[in-house]
Amino acid sequence: MKKYIIKRLLWMIVVLLGVLFIVFVLLEFTPGDPARQILGVYADEEEVAAKRLELRLDDPFLVRFGRYVYNLVFRFDLGISYRTKLPVMQEIATRFPITIAIGVLGLVVSVAIGLVAGIISAVKQYSWLDKICNVFAVIFHAMPNFWLALELSLIFALYLKWLPPTGYKGLKYLILPVAALGLNGSTAIFRQVRSSMLDVIREDYIRTARAKGQSEIKIILKHELRNALMPVVTMIGNSLGAIIAGSVVVESIFSIPGLGNYMLQAINRRDYPVIQGSVFVLAFMICIFNLLTDIVYSFLDPQLQSQYQSNVKSKKRGVKA
Amino acid sequence: MNASKSGRKSQFKLFFRRFCRNKLAVFGLIFIVFIILVALFAPFIAPYGYDDQNVSIRLTKPNSEHWFGTDDLGRDVFSRMIYGARVSLSVGISTTAISMFTALIIGMISGYYGGRTDNIIMRIVDVFLAIPSILLSIAIAATLGGGIVSMLIALSMGAIPGVSRLIRAQVMAECHKEYVEAAKVTRASDFRIMFKYIFPNILSVFIVTFTMGVAGGILNASMLSFIGLGAQPPIPEWGAMLSEGRAYIRDYPYLVTYPGIMISITVFAINMFGDGLRDAFDPKLKGR
């Protein structure tokens, strides 16, 4: 098992390097001279040339990429924002926790809704409950999450005045954005839970359990759900990606000072180091989370476990022979 | 010859009958045809032009003359939504066409040749998949600087990795079948095997993925436009209309509600159509 986790960790480093490379290449294609962007339109040519020399912008592409990676890994440095002239890392660090909170809460909401609705739907297949769940799933699936966020704020903040419309001064302000992202994300989880539950329900061992006279609740939770969860766990990683990507827009709708909102402002101001840094940090977050789900999965999946254990055993045997 | 022709026809009939049994899918198909017709004949249907400004009637609520009201520049929202169907649909369809075509080539090569080629291609795909597709699209669109063309490139590039993965898996499954072996024995070229023999066998998956891709493309395009990286004013894309109406949401919520409903219904219809197609292609999957 340890070997599997190490393998995944090493692979994650490669993936992150790849992500950095993509983002760096993207920045290469952006119009405009970074030195000029930092100094502003009114700086004269000499100043710009001096800045270019200082930033060593005339080095070959790969050298600059290497330096970017070096600065990131050893100095936690993602460059300097064109606009505020502050280090990007510092600005990201203050906004990062809010986005994590939104992402995790959104995921919890979507998993909770998806799981409960999925189980009910599968256990009571073709009932009116199943139909209602399905209808809501397809409706929320078709709605753009930013529109759902706008409509929720219209209803609950502007009309009913139950919740604050914008800003961030505590958890209460996160309810609407989390609801919008969670409802939107729950549809995919719902579908997965329902379909894998339906697969499991038809298995022989469920009939055996029932024949043994086990209670229905025990059958659902212990026999069906446990086996149906496997594909759902892998799905959760994808869902978090979607939720975090969605939070980019939703944060801006509710004026929440998170990483997504920061990135969007940077996009409007063409502040490329910030865009680059934000995309990387968001991808980093998702990678870490995917790694965690993979590890959870490896503990849940006896096949994978035995595969690695038998590998170890056969190697030991090989040494003895 | 005749027998095979009638056989093909009855296959299609069976397929069509299976499809028609799913009422939501039929609704989806009808709505798609309807919205395509609306997009094609927009200038004849829309009562006003999409950029006819009349500041004296700005922000009038829905009435008999302006069914969906007017926006902050006095433009008719109903007409803009009709013209918006053109932009949203064509962006959705063309990004999916570009991404599916590219992904078909990548997935085909990767799945067919396998081994080292497959390994290299899939590791690159893995790296791209680490970034959620919409985030990748946002990053690319931000780099290219907004507008319809950059949105097209950004959305297609965002969708390629996921679809390549899917097509590769399908191709790999086909490669082990006997007809591919047989084709290899007849010394058919790789290209011929890939596109003449394997492709027809993964066509059903390709069509279903394409349909769902269009729905996703419309959603993502509306998101890019909403954050200002897609269609630029005065082009009436539904997401862009939402974005323009956002400032007036408190007093004129219809500016945000109608385009949103339009996006949702269209995406819903396409998804239902896709679901119906999948069930009709493969009855075993029904209800899943």
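This structure is a prediction, so every number in the text was calculated from the model and none was measured.

Scoring rules and cut-offs
Residues numbered from 1 in each chain as written. Chains lettered and ligands numbered in written order. Predicted model: local features only at pLDDT ≥ 70, side-chain atom pairs only at ≥ 80, totals over all residues. Heavy atoms only, no water. Axes fitted to C-alpha atoms, helices over the stretch in contact; angles between N-to-C directions. Helix = DSSP H or I, 4+ residues; strand = E, 2+ residues; numbered from the N terminus. Parallel < 35°, antiparallel > 145°, perpendicular 65-115°, else oblique. Contact = heavy atoms within 4.5 Å. Nonpolar A, V, L, I, M, F, W, Y, C, P; charged D, E, K, R; others polar. Buried < 20%, exposed > 50% of the residue type's maximum accessible area, 1.4 Å probe, protein only. Lys, Arg positive; Asp, Glu negative; His and termini not counted. Salt bridge = Lys/Arg side-chain N within 4 Å of Asp/Glu carboxyl O. Polar contact = N/O pair within 3.5 Å; in protein donor to acceptor, adjacent residues only side chain to side chain. Phe/Tyr/Trp six-rings, centres within 6.5 Å; stacked < 30°, edge-to-face > 60°.

Caption draft 1: Spatial organisation of the packing of helix α10 (residues 216-253) of chain A against helix α11 (residues 259-269) of chain A. Residue and element names in this part refer to chain A. At a minimum axis separation of 7 Å, α10 and α11 run at an interaxial angle of 85 degrees. Taken together, the axis directions place α10 and α11 in an arrangement best described as roughly perpendicular. Across the interface between the two elements, V248, V249, E251 and S252 from α10 touch L259, G260, N261 and L264 from α11. Its residues assigned to classes, the contact of α10 with α11 comprises four nonpolar, three polar and one charged.

Caption draft 2: Structural view of the side chain of E237 of chain B. Residue and element names in this part refer to chain B. By the element assignment, E237 lies in the loop between α9 (190-226) and α10 (238-245). Lacking a salt bridge, the buried E237 has R80 as its closest oppositely charged neighbour, with an N-O distance of 9.3 Å. For E237, the residues in contact, after removing those within four places along its chain, are V87, S88, A221, S222, S225 and A231.

Caption draft 3: Fine view of the interface of chain A and chain B. Taken residue by residue, the interface counts 46 residues in chain A and 40 residues in chain B. On inspection of chain A and its partner chain B, the count reaches one salt bridge. With its nearest N and O atoms 3.6 Å apart, the salt bridge here joins R191 of chain A to D275 of chain B. Counting across the interface, chain A meets chain B through three residue pairs in polar contact (both at pLDDT 80 or more). Broken down by secondary-structure element, the contributors of at least two residues to the side of chain A that touches chain B are α1 (2-29), α6 (128-142), α7 (145-159), α8 (175-201), α10, α11 and α12 (272-300) of chain A. Grouping the constituent residues of the side of chain A that touches chain B by class yields 32 nonpolar, eight polar and six charged.

Caption draft 4: Quick look at the packing of aromatic side chains. Residue and element names in this part refer to chain B. Taken as a whole and judged by the stated rule, the model has 27 aromatic pairs over all chains. Centre to centre, the rings of Y254 and Y258 are 6.4 Å apart; their planes meet at 45 degrees, and the pair counts as tilted. Of this pair, Y254 and Y258 both sit in helix α11 (residues 254-281), four residues apart, which is roughly one turn of the helix. Residue Y258 is classed as partly exposed on the basis of its relative accessible area, which comes to 25%. Grouped by ring-pair contacts, the aromatic residues W67, F68, F78, Y252, Y254 and Y258 constitute a single cluster.

Caption draft 5: The arrangement of the environment of L26 of chain A in detail. Relative to the elements of secondary structure, L26 of chain A occurs in helix α1. L26 of chain A sits in the buried class, given a relative accessible area of 16%. Distance from L26 of chain A to N71 of chain A, taken between C-alpha atoms, is 19 Å for residues 45 residues apart in sequence. The contacts of L26 of chain A, once residues within four sequence positions are left out, are A139, I140 and T143 of chain B.

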